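# Observations on the three-dimensional arrangement
Listed below, chain by chain, are the residues.
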Number of protein chains: 2
Amino acid sequence: MVTLAEVAQHAGVSASTVSYVLSGKRSISVGTRQRVERSIQELGYHPNAGARALASSKSNIIALMVPLRTDMYVPVMMEIAIAVATTARTHGYDVLLLTGEEGPDAVRRVTGSGLADAMILMDVELDDERLPLLRRTDQPSVLIGLPADTTGLTCVDLDFGATGALCAEHLAALGHRDIAVIGEAPAVYERHTGFAERTLDGLRSRAREMGLRVLHRPCEGGYDAMAVTLSRIFDERPGTTGFVVQNENAVEPLLALLRQQGRAVPEDVSVIAVCPDQVATQASVRLTSVAIPAQEMGRRAVEHLVAKLDGRGEDDVVLLAPELTVRASTGPAPSGS
Amino acid sequence: MVTLAEVAQHAGVSASTVSYVLSGKRSISVGTRQRVERSIQELGYHPNAGARALASSKSNIIALMVPLRTDMYVPVMMEIAIAVATTARTHGYDVLLLTGEEGPDAVRRVTGSGLADAMILMDVELDDERLPLLRRTDQPSVLIGLPADTTGLTCVDLDFGATGALCAEHLAALGHRDIAVIGEAPAVYERHTGFAERTLDGLRSRAREMGLRVLHRPCEGGYDAMAVTLSRIFDERPGTTGFVVQNENAVEPLLALLRQQGRAVPEDVSVIAVCPDQVATQASVRLTSVAIPAQEMGRRAVEHLVAKLDGRGEDDVVLLAPELTVRASTGPAPSGS
DNA sequence: AAGTCCTGTCGAAGCGCTTCGACAGCCTAT
DNA sequence: ATAGGCTGTCGAAGCGCTTCGACAGGACTT
């Protein structure tokens, strides 16, 4: 293992000079810089991360806390995680992967040990038990998701309220009157992860303005659960012609069931999904959807965090504007209804 | 930030004693130990990761390199990553998330800087450019996946050869004669990620033994690509009654298309998927499948790595035995054929 | 000519921990 | 009683880096 001192000796300068070449914190003459850089190359020097962290009290690591559950919106999580990792690298940071398993202790451990300089939390609940800790510590953090109380916090999320509204508008504009929302699994609502509620609220209030009737039903993914949910919906509101689906795992089952019941999409029934574009384009019907901009969220989270680490940037709630893409799953409401 | 020295002072012992209490590397009297532990509690002490890494040349971090592409087998990747993270924690390690983006440079950077003590690589290609580096360094590593040459490497993977054979056997036993394999996207084969080939080889050789005719077609996921692929298959082999699907994104499209063509599953056509159980049970037909044991793979990889770090454990290729679960998508071949 | 300011470099201190060798005190074997 | 071996503790060195203050020498002022 090559050390700074060896590089210094090889280049005929002092250790501190090498350090300054590396960090650029003091001006160095061109000649010296080149000599040092050549030595670094030749010796294959890599600064030792531990020593660096110790001396500078900066680890250049961002901790990313992902939910432990692998049962929902997995592709979204993965995409965010990867966007976080790649964006972090472009700013010179590495990413430490924490699972929700440890809960608040993970926050304590990471901030206490100086393992990471900052954190990004995903899957934030409305009244998340990690939030008090975050507010108390002076370590910068960014949430992906929106808790009930955002004071003193920085959050990045899709504007789910507007998302719901957008869905309502689109269906209303097409002449639908009775619509059903297939929501996330009941567990999601119980955990009070806010996004599902926000979508629903946004949708409901716009629906009211536009004279739409809304029926909301949570749904575990999967064919069987969807079958039960769907038959209940049609029992209660036989005239339902529009669906908004927020649970990725319910999308295909819903399409399959509709087909099986002889209801054509989009001729008889329109379906909007709230999901990543990839899911929307790979479904058995190309789905009109509001995209969940996973990459964008990861990227923005990191950029905010880096800004904070650099002393720029303040607490802030960033809500990304939703975009609805019309594909083949929505159309005018059937004239009969 | 509380330091070791402060704890020592608070407990009335020397710094080294506190260190030994923490590490257990020397025997400490019960009284002293308790006193120190209480001080640690009261002061809320957390050892500084950087200092520790510097002094001990151990970071207690495992690097996990995940593929950058988010276009395929995402749930599997995510599940592995999470299993790696949680298993690592139980052994006292944290996980650093690297994306494939940096390529071999990431390996150099991490081993060179002592950022991590060991690495786990996912999505290994048959002739991966990172392998020479891994062989050269003395840092332990484990691959999830199987390269062409495994000498000097430790690998964990599903036994895809046996997986293919298992699929062939199951279909043959049910009386099918003509089967089609819907493979991964062409890009996967071009990259020479071995698992797809291995599945196919295993399947083909067992099929030959059992008198099955096999048609293999790679397929991008998605409805449209699947439609093209499927019609080609039936053009070429109208008597095809069995399908083996290895691409998660092709599963639902295939089911939808078969349904649309009036071919009932499993009465007219049988389908086996190679996918995580979750996908198999949430599909629109409960799929007979060979599970991809993502959690198990992540866990085993970490355990091997920890064994190596502890000086136990040698290079080794671990192939997990596949298990086929019969669900509702396979049945006897129609008697007419 | 002396004073002032840069620029580029160096030396040394210190970040918080681990670990080695030393050793005091006690117990046991002789 | 003495030597030898344990057990439990301490002090000090050092891990590889950053960073502060010092300062030599040249370029400007006045």
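No experiment lies behind these values; they were computed from the predicted model shown. For every chain, the first residue of its written sequence is number 1, and the numbers climb from 1 along that sequence. Ligands are numbered from 1 and chains lettered from A, in the order in which they are written. A pLDDT threshold of at least 70 governs which residues receive local features in this predicted model, and a stricter bar of 80 or more applies before side-chain atom pairs are shown or counted, although totals over entire chains, interfaces and linings include all residues. Hydrogens are left out, water is left out, and the side-chain values use all remaining heavy atoms of the structure.

## Comments concerning the UniProt feature "domain: HTH lacI-type" (unreviewed entry) in chain A
Where we set the bar: UniProt positions are given in the numbering used here, feature names are shortened, and annotations may be inferred rather than shown by experiment. Working definition: helices are DSSP H or I runs of at least four residues, strands are E runs of at least two. Numbering for both runs from the N terminus.
Those residues carrying the UniProt feature "domain: HTH lacI-type" (unreviewed entry) are residues 2-56 of chain A in this numbering. The straight-line gap between the two end C-alpha atoms of residues 2-56 of chain A is 20 Å; of that span, 71% is helix and 0% is strand.

## Observations regarding the packing of aromatic side chains
Residue and element names in this part refer to chain B. Our working rule: Any two of the Phe, Tyr and Trp rings considered here, Trp counted by its six-membered ring, make a pair once their centres fall within 6.5 Å; the pair's planes then place it as stacked at under 30 degrees, edge-to-face at over 60, or tilted in between. Buried residues are those whose accessible area, probed at 1.4 Å on protein chains only, stays under 20% of the maximum for their type, while exposed residues exceed 50% and partly exposed ones sit between those limits.
Evaluation of the coordinates by the stated rule reveals four aromatic pairs over all chains. Ring centres 5.2 Å apart and planes at 50 degrees place the aromatic pair F160 and F195 in the tilted group. Of the two residues, F160 sits in helix α8 (residues 160-173) while F195 sits in helix α10 (residues 194-209), which places them 35 residues apart along the sequence. For the pair F160 and F195, a shared accessibility class is recorded, and that class is buried.

## A closer look at the protein's contact with DNA strand C
Basically, it comes down to this: The near set for a molecule or strand comprises every residue that places at least one heavy atom within 4 Å of it. Pairs of N or O atoms within 3.5 Å make up the polar contacts considered here, provided that, within protein, one atom can donate a hydrogen while the other can accept it, and that residues adjacent in sequence are counted only when both atoms are side-chain atoms.
Near DNA strand C lie 26 residues; those nearest to it are A:T17, A:T32, B:L4, B:R26 and B:Y45. Among the atoms of DNA strand C close to the protein, meaning within 4 Å, 54% are from sugar or phosphate groups. B:L4 is positioned with one of its backbone polar atoms (N or O) 2.2 Å from a phosphate oxygen of DNA strand C. Between DNA strand C and B:A51 there is a distance of 3.5 Å, counted from a base nitrogen to a backbone nitrogen or oxygen.

## Observations concerning empty space enclosed by the protein
All names here are of chain B. Operational definition: Residues are called lining when one of their atoms sits within 4 Å of a cavity or pocket point, these points coming from a 1 Å grid over the protein atoms alone, where a cavity is a set in which a 1.4 Å probe fits but cannot get out and a pocket is an open set with protein on both sides within 12 Å along at least five of seven lines. Grid points are joined across faces, edges and corners, and a volume is the space filled by probe spheres set on the points. Residue classes follow a fixed rule: Ala, Val, Leu, Ile, Met, Phe, Trp, Tyr, Cys and Pro count as nonpolar, while Asp, Glu, Lys and Arg count as charged, and any other residue, Gly among them, counts as polar. Each domain's extent is set by a domain assignment, obtained either automatically or from a database.
For the structure shown, the criterion picks out six cavities of 30 Å³ or more. Of the volumes computed, that of the second largest cavity is approximately 300 Å³. Lining the second largest cavity are 25 residues, with Y73, V76, M77, F160 and F195 sitting closest to its centre. Mapped onto the lining of the second largest cavity, the elements with two or more residues apiece are α5 (74-90), α10 and α12 (248-260). Of the residues contributing to the lining of the second largest cavity, the split by class is 14 nonpolar, six polar and five charged. No fewer than three residues from each of domain 2 (61-158 + 294-320) and domain 3 (160-292) sit in the lining of the second largest cavity.

## Quick look at the sheet that holds strand β11 (residues 317-320) of chain A
In plain terms, the rule: A pair of strands is treated as paired once DSSP finds two or more bridges between them. Fitted lines through C-alpha atoms give the axes, limited to the stretch in contact for helices. The angle between two N-to-C directions lies from 0 to 180 degrees.
With mixed pairing, twelve strands are arranged side by side in an open sheet as β11(A)-β5(A)-β4(A)-β3(A)-β1(A)-β2(A)-β2(B)-β1(B)-β3(B)-β4(B)-β5(B)-β11(B). Looking along the sheet, the strands with just one partner apiece sit at the ends: β11 of chain A together with β11 (317-320) of chain B. Taken over all neighbouring pairs, the strand axes of this sheet differ in orientation by 20 degrees on average, direction set aside. Across four bridges, the pairing between strand β3 (residues 118-122) of chain A and strand β4 (residues 141-144) of chain A is parallel. Bridging from a neighbouring strand, A:M122 pairs with A:I144 of β4(A).

## Focus: the nonpolar core
Test applied: By convention a nonpolar core is built from buried Ala, Val, Leu, Ile, Met, Phe, Trp, Tyr and Cys residues, the set being connected through side-chain atoms within 4.5 Å. By definition in these notes, contact holds between two residues if any of their heavy atoms fall within 4.5 Å.
Ranked by size, the top nonpolar core spans 108 residues in total, and within it A:L64, A:I120 and B:I120 carry the most contacts. Not counting residues up to four positions away in its chain, the partners in contact with A:L64 are A:A81, A:V84, A:V95, A:L96, A:L97, A:L98, A:I120 and A:M122. The next biggest cluster of nonpolar side chains, apart from the first, holds 40 residues, and it includes A:A63, A:M119, A:L133 and B:L115.

## So, helix α4 (residues 49-56) of chain B
Between the side-chain oxygen at the start of α4(B) and the backbone nitrogen of B:G50 there is a gap of 2.8 Å, and the oxygen is on B:N48. B:S57, located one to two residues past α4(B), shows a positive phi value of around 50 degrees.

## Things to note about the interface of chain A and chain B
Quick reminder of the rule: The term buried area means the drop in 1.4 Å probe accessible area that two parts suffer when joined, counted for both and summed. For salt bridges, the criterion is a side-chain nitrogen of Lys or Arg within 4 Å of an Asp or Glu carboxyl oxygen.
Listed as interface residues are 53 residues of chain A and, on the opposing side, 53 residues of chain B. The junction of chain A with chain B conceals about 4400 Å² of combined surface from both sides, 64% of it contributed by carbon and sulfur atoms. Of the charged contacts, one joins A:D94 and B:R109 as a salt bridge, the two residues approaching to 2.7 Å between their closest N and O atoms. Broken down by secondary-structure element, the contributors of at least two residues to the side of chain A that touches chain B are α4 (49-56), β1 (61-66), α5 (74-90), β2 (94-99), α6 (104-113), α11 (223-236), α12 (248-260) and α13 (277-282) of chain A. Of the residues forming the side of chain A that touches chain B, the biggest block, ten residues, is contributed by α5(A). Partitioned by chemical class, the residues of the side of chain A that touches chain B number 26 nonpolar, 15 polar and twelve charged. Both β2(A) and strand β2 (residues 94-99) of chain B contribute to a ladder of three bridges, which runs antiparallel.

## What to know about the layout of surface pockets
Approximately 1100 Å³ is the volume attributed to the largest pocket. Every residue lining the largest pocket is counted, 30 residues in all, and those nearest its centre are B:P47, B:N48, B:A49, B:R52 and B:N60. Looking at the lining of the largest pocket, the elements with two or more residues in it are α6 of chain A together with α1 (4-11), α2 (15-23) and α4 of chain B. Looking at the lining of the largest pocket element by element, the count peaks at six residues for α4(B).

## Here's the deal with the sheet that holds strand β12 (residues 324-325) of chain B
Residue and element names in this part refer to chain B. Across the sheet, six strands lie side by side as β7-β6-β8-β9-β10-β12; this open sheet has mixed pairing. Only two strands of the sheet have a single neighbouring strand rather than two, namely β7 (213-218) and β12. By the bridge criterion, four bridges tie strand β9 (residues 270-275) to strand β10 (residues 288-291) in an arrangement that is parallel. In the sheet register, I272 faces β10, and the bridge partner there is T288. Lying on the sheet, α10 is in contact with β6 (178-183), β7 and β8 (242-245); it crosses β7 at an angle near 165 degrees.

## Focus: the protein's contact with DNA strand D
If you check the shell around DNA strand D, you find 27 residues, and the closest are A:L4, A:R26, A:Y45, B:T17 and B:T32. Taking the atoms of DNA strand D that fall within 4 Å of the protein, sugar and phosphate contribute 54% of them. Contact distances for DNA strand D include 2.6 Å between a base nitrogen and a side-chain N or O atom of A:Y20. A:K25 places a side-chain nitrogen or oxygen 2.9 Å from a phosphate oxygen of DNA strand D. Residue assignment for the surface near DNA strand D shows that the elements contributing at least two residues are α2 (15-23) and α4 of chain A together with α2 and α4 of chain B. Counting residues per element, the surface near DNA strand D draws most heavily on α4(A), at five residues. Classifying every residue of the surface near DNA strand D by side-chain character gives twelve nonpolar, eleven polar and four charged.

## Some remarks on the side chain of A:R198
All names here are of chain A. Looking at the element boundaries, R198 is found in helix α10 (residues 194-210). A polar contact of 2.6 Å, which involves the side chain of R198, links it to the side chain of D157. Those residues in contact with R198 that lie beyond four places of it in its chain are L146, D157, L158, F160, G161 and L319.

## What to know about unusual backbone geometry
The amide bond that connects A:V265 to the next residue, A:P266, takes the cis arrangement and shows omega of 10 degrees. Checked against the element boundaries, A:P266 lands in the loop between α12 and β9 (270-275). Its identity as a non-glycine residue notwithstanding, B:S57 has a phi of 50 degrees, on the positive side. Along the chain, the position of B:S57 falls in the loop between α4 and β1 (61-66). Residue class for B:S57 comes out exposed when judged on its relative accessible area of 63%. Even without a glycine there, the phi angle at B:N60 is positive, about 60 degrees.

## Observations regarding the domain arrangement of chain A
Each assigned domain of chain A is listed here: domain 1 (4-47), domain 2 (61-158 + 294-320) and domain 3 (160-292). Taking only C-alpha atoms into account, the centre of domain 1 of chain A sits 35 Å from that of domain 2 of chain A.

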